[in-house]
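Each chain is listed here by its residues.
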Amino acid sequence: MKHNNFGYLMGEGVRAMFKHGFMSFAAICITVACLVIVNSFLLISYNMSLVVDDLQKKMEVVVIIDETYTEAESKSVGSEINLIENVDNARFVSRSEALEEFIGDSDESLFEGLDPENFRDQYVITLVDNEKVAETKAALERVSGVAEVHAPDEMANALATLRNVLYGATMAIAAVLLIVSLIIISNTIRLAMLDRREEIGIMKMVGATNGFIRFPFLIEGFFLGLFGAVISFFVEWGLYEAIRNAIVSTDLQFLTFVPFTEVLLPMIAACAIAGFGIGILGSLLSIRRFLKV
């Protein structure tokens, strides 16, 4: 494409955007609203995933050793426990240590009658993958010398379900809202093409290529998507930080949202890809029909 033609076609695309000012404004506003909602759900899902990961890391499996085992025999059981594939770390807790942990910061005089022999040796285990807690519990129960295994398998399943629901809901909402933006921009481009239908027909008759006709409309869609992406990015940044600061000032410490700067690059990429994709694809959807003149 010659330089002069390129400049002319760029100008035509920009002029068309301002010519249909209200529709262009509406398309940008809808795109901004949809992208802000989509990005908000993505950020909420990401932060909730971090919370779930943190809770899973704190989950522990407690293995109680047979009461007839001596401390030396109990320690030998640890070598078998560590061989289990999903075991990350197994911390041995002797009977005396179990008593100390039971008393904690309480007044020792309240527990004078308790003796270490009232407790049993045990292992406190952290797992590599907490979603496999049921399989790991079954493997631990098969180890010789293990009397009981206390595992938070219900909590692990609940957290895994929560993560999957968040992910599914986010993807569904994102898909619906992006389609809405696509339709709005497509209708804006369609309006521009209806306005120039006769001109397009004449251009086709005198031999203009589809690429020459298509380019201004692609430029219009591109800029609509670009403006929507840029505005939505800064709106999202402001809203996210306002909500994060509000949460930080409360006692809801388990809702630790990461600063926006930590997700800056992924959010720039998400806004750019979504904005450009909506703009270009919306244009192409409208152009196909009108080039069959």
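One can find the structure itself at the top, above this paragraph.
Read on for an overview of the structure. Quick caveat: nothing in here was measured; it's all calculated off a predicted structure.

**Section: the overall build of the protein**
- What the protein contains, in helices and strands, is nine helices and four strands.
- Ordering the α and β elements of the protein from the N terminus gives α-α-β-α-β-α-β-α-β-α-α-α-α.
- Once local pairs closer than 6 in sequence are excluded, the contacts in the protein between residues at least 24 apart make up 83%.
- Looking at the protein as shown, the accessible area adds up to about 16500 Å², and 62% of this sits on carbon and sulfur atoms.

**Concerning the packing of aromatic side chains**
- In total, this model carries ten aromatic pairs according to the counting rule given.
- Relative to Trp237, the ring of Phe233 has its centre 5.7 Å away and its plane inclined at 70°; by these criteria the two rings are edge-to-face. Of this pair, Phe233 and Trp237 both sit in helix H8 (residues 210-248), four residues apart, which is roughly one turn of the helix.
- The buried category is assigned to Phe233, whose relative accessible area is 8%.
- For Trp237, a relative accessible area of 27% corresponds to the partly exposed category.
- An aromatic cluster is built from Phe233, Phe234, Trp237, Tyr240, Phe257 and Phe260, whose rings are joined through pairwise contacts.

**Considering the environment of Lys58**
- In this structure, Lys58 sits in helix H2 (residues 21-58).
- With 68 residues separating them along the chain, Lys58 and Thr126 place their C-alpha atoms 8.0 Å apart.

**Section: the sheet that holds strand E3 (residues 122-127)**
- What the four strands build is an open sheet, ordered E2-E3-E1-E4; its pairing is antiparallel. Each of the sheet's edge strands pairs with one partner strand only, and the pair in question is strand E2 (87-93) and strand E4 (146-150). Between one strand and the next, the sheet's axes are offset by a mean angle of 20°, whatever the strand orientation.
- Where strand E1 (residues 61-65) lies against E3, four bridges are found, and the strand directions are antiparallel. Counterpart to Val63 in the pairing with E3 is Tyr123.

**Thoughts on the environment of Gly168**
- With respect to the element layout, Gly168 can be found in helix H6 (residues 153-195).
- In this structure Gly168 comes out as partly exposed when scored by relative accessible area, which is 35%.

**A few points about the pattern of salt bridges**
- Following the criterion strictly, the structure yields four salt bridges and no others.
- Here Asp121 and Arg95 are joined by a salt bridge, their closest N and O atoms 4.0 Å apart. Of the two residues, Asp121 is situated in the loop between helix H4 (95-103) and E3 and Arg95 in helix H4; the sequence distance between them amounts to 26 residues. Here Asp121 and Arg95 have matching classes, each one buried.
- Across the pair Glu148 and Arg120 runs a salt bridge whose closest N-O atoms are separated by 2.8 Å.

**Overview of the nonpolar core**
- If you look at the biggest cluster of nonpolar residues, it comprises 19 residues, and the most contacted ones within it are Val61, Val63, Ile81, Tyr123, Ile125 and Leu140.
- Apart from residues lying up to four places away in sequence, Val63 is in contact with Ile81, Asp121, Gln122, Tyr123, Ile125, Leu140, Val146, Glu148 and Val149.

**Regarding the pairing of E1**
- By the criterion of burial, E1 is predominantly enclosed, with four of the five residues buried.
- As paired strands, E1 and E4 are joined by four bridges and run antiparallel to one another. Within E4, the position partnered with Val63 by the bridge is Val149.

**Description of a nonpolar patch on the surface**
- On the surface, a nonpolar cluster with roughly 400 Å² of combined accessible area is contributed by Phe227, Ile231, Val235, Leu239 and Ile243.
- Checked against the element boundaries, Ile243 lands in helix H8.

**Here we look at the side chain of Glu236**
- Considering the arrangement of structural elements, one finds Glu236 in helix H8.
- Of the side chains bearing the opposite charge, Arg244 lies closest to the buried Glu236, which forms no salt bridge; the N-O distance is 11 Å.
- If near-sequence neighbours (up to four positions away) are discounted, Glu236 is found in contact with Val36, Asn39, Ser40, Leu43, Phe260 and Met267.

**Looking at helix H3 (residues 71-82)**
- Taking 1.5 Å per residue as the helical rise, H3 with its twelve residues ought to reach 16 Å, and the 17 Å between its terminal C-alpha atoms agrees with that figure.
- When H3 is considered as a whole, its buried residues turn out to be Ser74, Val77, Gly78 and Ile81. On an axial view of H3, the arc spanned by its buried residues comes to 115°, and they lie on one face.
- Along its buried surface, H3 packs onto E1, E2, E3, helix H5 (133-141) and E4.

About the criteria used
Along each chain, numbering runs from 1 in the same order as the chain's sequence is written. Predicted model: local features are reported for residues with pLDDT of at least 70 only, side-chain atom pairs are reported and counted for 80 or more only, and whole-chain, interface and lining totals are derived from all residues. Each side-chain value is derived from all of the structure's non-hydrogen atoms; neither hydrogens nor water enter the calculation. To qualify as a helix, a DSSP run of H or I must reach at least 4 residues; to qualify as a strand, a run of E must reach at least 2; elements of each kind are numbered from the N terminus. Contact between two residues is taken to exist if any of their heavy atoms lie within 4.5 Å; hydrogens are not considered. Only the protein chains shown count as cover for residues, and all accessible areas are computed by the Shrake-Rupley method using a 1.4 Å probe. Any Phe, Tyr or Trp ring, taking Trp's six-membered ring, that has another such ring centre within 6.5 Å forms a pair; planes under 30 degrees apart are called stacked, those over 60 apart edge-to-face, and the others tilted. For the exposure calls, accessible area comes from a 1.4 Å probe over protein chains only, and a residue counts as buried if that area is under 20% of its type's maximum, exposed if over 50%, partly exposed in between. Here the rule is simple: two strands pair whenever DSSP picks up at least two bridges between them. Between N-to-C directions, angles cover 0 to 180 degrees, with each direction set by a line fitted to C-alpha atoms, over the stretch in contact for helices. For salt bridges, the criterion is a side-chain nitrogen of Lys or Arg within 4 Å of an Asp or Glu carboxyl oxygen. Only buried residues count toward a nonpolar core, which is a set of Ala, Val, Leu, Ile, Met, Phe, Trp, Tyr and Cys residues joined through side-chain atoms within 4.5 Å. Distance thresholds for patches are 9 Å for like charges and 5 Å for nonpolar side chains (Val, Leu, Ile, Met, Phe, Trp, Tyr), applied to residues having over 30% relative accessible area and no salt bridge. For the charge count, each Lys or Arg is scored as positive and each Asp or Glu as negative, with His and the chain ends excluded. Expected helix span is taken as 1.5 Å per residue step, with the number of steps being one fewer than the number of residues. The reported arc concerns the directions from the helix axis to the C-beta atoms and nothing else.

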